[in-house]
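Summary of the model geometry
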Amino acid sequence: MPTGNPGYKVSYITSLMPFAQLALHQIQEGRWLKAPTFTTFQYIGAAIDEMSSPTDEQIALIRLRLEDRKMSYPDRFE
């Protein structure tokens, strides 16, 4: 939200200036996002190894979904 009169650009800029510093301070306090532990990184790596790499067809299917396009009904649920 702007600080002061929303008709002036300065009101928005004033509100945005401390935004990054506030976010970093909150992270340092342990609020919201926390850095993952080394063990968590190992679990993520193991999960990626188990999944392997997608085929070209699977990549195309993932891209369709990211574009919010949908398949026909019987295939959509698989």
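Before going into details, it helps to say that this report is about the structure given with it.

Calculation rules
- Residues numbered from 1 in each chain as written.
- Predicted model: local features only at pLDDT ≥ 70, side-chain atom pairs only at ≥ 80, totals over all residues.
- Heavy atoms only, no water.
- Helix = DSSP H or I, 4+ residues; strand = E, 2+ residues; numbered from the N terminus.
- Rg over C-alpha atoms; globule rule 2.2 N^0.38 Å.
- Buried < 20%, exposed > 50% of the residue type's maximum accessible area, 1.4 Å probe, protein only.
- Expected span 1.5 Å × (residues − 1).

1. Here we look at the overall build of the protein
Helix and strand counts for the protein stand at five helices and zero strands. Along its sequence from the N terminus, the protein presents helices and strands in the succession α-α-α-α-α. Scaling as 2.2 N^0.38, a compact globule of 78 residues should have a C-alpha radius of gyration of about 12 Å, whereas the protein reaches 22 Å, well beyond that. Its C-alpha atoms give the protein principal-axis dimensions of about 55 × 40 × 20 Å. Within the protein, the proportion of its 78 residues that are buried is 1%.

2. Regarding helix 3 (residues 38-51)
Taking 1.5 Å per residue, 14 residues should reach 20 Å; helix 3 reaches 20 Å between its end C-alpha atoms and fits that length. Residue Ser-52 follows helix 3 closely and has a positive phi angle near 70°.

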